[in-house]
There are 2 protein chains.
Amino acid sequence: MSTIQLLPLTDVSVECCTPLDSDTLSVEDADLLSSRLKAVADPARLRLVSLVAAHANAEACVCDLTEPLGLSQGTVSHHLKILVEAGIFAREKRGTWAYYSLIPGALGSLSAALLVVGEK
Amino acid sequence: MSTIQLLPLTDVSVECCTPLDSDTLSVEDADLLSSRLKAVADPARLRLVSLVAAHANAEACVCDLTEPLGLSQGTVSHHLKILVEAGIFAREKRGTWAYYSLIPGALGSLSAALLVVGEK
DNA sequence: TTACCGTATTGATGACTGTCAATCTAAGTG
DNA sequence: CACTTAGATTGACAGTCATCAATACGGTAA
């Protein structure tokens, strides 16, 4: 049997979609990373992260956060949802209260991903 | 003369503005950090950082970046200005061309600042 | 000087976002 | 059951943003 060269073909397809620079950020990766960064690039949400991290047991309910943030309950709930959807906060409902906590390593991986963008 | 107690007064004022948690992100720091993160939380600007970093000599002019980004020249110029104002890119004009380059350590300090927010 | 080229800026537009007030849902409590 | 309380959701509004087309600016070359 003749052994068909498969690897060169896949290489060509890779070259096709990355024309000039070898290892540059793809559009998909850029969209993904930017959406995660957007979740954190807001003063209210940065303070939420800081408040929750500084809180006892590293978790807090909405009622703990509304007053120090100076925003309405609905707005705080909105920001918390964005942080949960970005994979930064975890939400656990116990009784009437909803407790939010930092997902371990989430900020670290985001911080690391940002750093990698600047490395060729 | 009666010695007036000044220190207790200032202590009270400090307690007044930091009611519960001790070392939480201030509103000013949150605004500052979020504005730097906003500069980077955009797909086009993330790709700009990646493209410049991967470019020869780690610098590039606008004409090098317009085509791989798929955006108009004016839009690319606009994004580059935002990155310069955020302290991430440096701009050097040589002749007709404007060369942009990553400021060393800029992404690193931003990445580190983001990480610190999550540490109590 | 005029002409050209690379870049910056302006104006307009459509999309997105942060915020609040109001409402709705759900879980406890009388 | 009705009532209260915590949180989520909705609708509306103002502000911001990404984008393009067009124009202005600033060197360089003829």
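Residues numbered from 1 in each chain as written. Chains lettered and ligands numbered in written order. Predicted model: local features only at pLDDT ≥ 70, side-chain atom pairs only at ≥ 80, totals over all residues. Heavy atoms only, no water.

J.: Now, about the overall build of chain A: what can you tell me, with residues and values included?
T.: Scanning chain A from terminus to terminus reveals 6 helices and 3 strands. Secondary structure elements of chain A, listed N to C terminal, follow the sequence α-α-α-β-α-α-β-β-α. Residues counted as buried form 36% of the 120 residues belonging to chain A. Across chain A, contacts joining residues at least 24 apart in sequence account for 52% of those joining residues at least 6 apart. (Helix = DSSP H or I, 4+ residues; strand = E, 2+ residues; numbered from the N terminus. Buried < 20%, exposed > 50% of the residue type's maximum accessible area, 1.4 Å probe, protein only. Contact = heavy atoms within 4.5 Å.)

J.: I'd like to hear about the protein's contact with DNA strand D, residue by residue, with values.
T.: What surrounds DNA strand D is a group of 21 residues, the closest being Q73, S77, R91 and Y100 of chain A together with H79 of chain B. Put simply, 73% of the atoms of DNA strand D that lie within 4 Å of the protein are in sugar or phosphate. Take S77 of chain A: an N or O atom from its side chain is 2.3 Å from a phosphate oxygen of DNA strand D. Y100 of chain A is positioned with one of its side-chain polar atoms (N or O) 2.5 Å from a phosphate oxygen of DNA strand D. Contributions of two or more residues to the surface near DNA strand D are made by α4 (62-69), α5 (73-85) and β3 (97-102) of chain A together with α5 (73-85) of chain B. The element contributing the most residues to the surface near DNA strand D is α5 of chain A, with 4 residues. Of the residues that constitute the surface near DNA strand D, the class distribution is 7 nonpolar, 10 polar and 4 charged. (Near = heavy atom within 4 Å. Polar contact = N/O pair within 3.5 Å; in protein donor to acceptor, adjacent residues only side chain to side chain. Nonpolar A, V, L, I, M, F, W, Y, C, P; charged D, E, K, R; others polar.)

J.: Tell me what's going on with the protein's contact with DNA strand C, and back it up with residues and numbers.
T.: The local shell around DNA strand C holds 20 residues, among which H79 of chain A together with Q73, S77, R91 and Y100 of chain B are the closest. Atoms of DNA strand C within 4 Å of the protein belong to the sugar or the phosphate in 76% of instances, the rest to bases. For DNA strand C, a phosphate oxygen lies 3.0 Å from a polar atom in the side chain of R45 of chain A. Listing elements by their share of the surface near DNA strand C, those giving two or more residues are α5 of chain A together with α4 (62-69), α5 and β3 (97-102) of chain B. The element best represented in the surface near DNA strand C is α5 of chain B, accounting for 4 residues. In terms of residue class, the surface near DNA strand C is made up of 7 nonpolar, 9 polar and 4 charged.

J.: Explain the relation of the copies chain B and chain A to me, using residue names and the numbers behind them.
T.: Between chain B and chain A, the superposition needs a rotation of 180 degrees and an axial shift of 0.0 Å, giving an RMSD of 0.1 Å. The superposition operator between the copies reduces to a two-fold rotation axis. Across chain B, the smallest distance between a C-alpha and the rotation axis is recorded for S111 of chain B, namely 2.4 Å. Residue by residue, 100% of the interface of chain B is reproduced at the interface of chain A, so both copies engage with the same surface. (Least-squares fit on C-alpha atoms with pLDDT ≥ 70 in both.)

J.: Can you explain the interface of chain B and chain A? Please cite residues and give values.
T.: Every contact between the two is made by 33 residues of chain B and, on the other side, 34 residues of chain A. Both faces combined, the contact of chain B with chain A buries some 3,100 Å², and carbon together with sulfur accounts for 67% of it. Here chain B and chain A share 0 salt bridges between them. Linking chain B with chain A are 9 residue pairs in polar contact (both at pLDDT 80 or more), by the criterion used here. Mapped onto the side of chain B that touches chain A, the elements with two or more residues apiece are α2 (27-40), α3 (43-54) and α6 (106-117) of chain B. Across the side of chain B that touches chain A, the residue classes break down as 20 nonpolar, 7 polar and 6 charged. (Buried area = accessible area lost by both parts, 1.4 Å probe. Salt bridge = Lys/Arg side-chain N within 4 Å of Asp/Glu carboxyl O.)

J.: Can you explain the pairing of strand β2 (residues 89-94) of chain B? Please cite residues and give values.
T.: All names here are of chain B. Pairing between β2 and β3: 6 bridges, direction antiparallel. The residue of β3 that forms the bridge with R94 is W97. Hairpin connection, β2 to β3: the antiparallel pair is bridged by 2 residues, and G95 has positive phi, about 65 degrees. (Pairing = 2+ DSSP bridges.)

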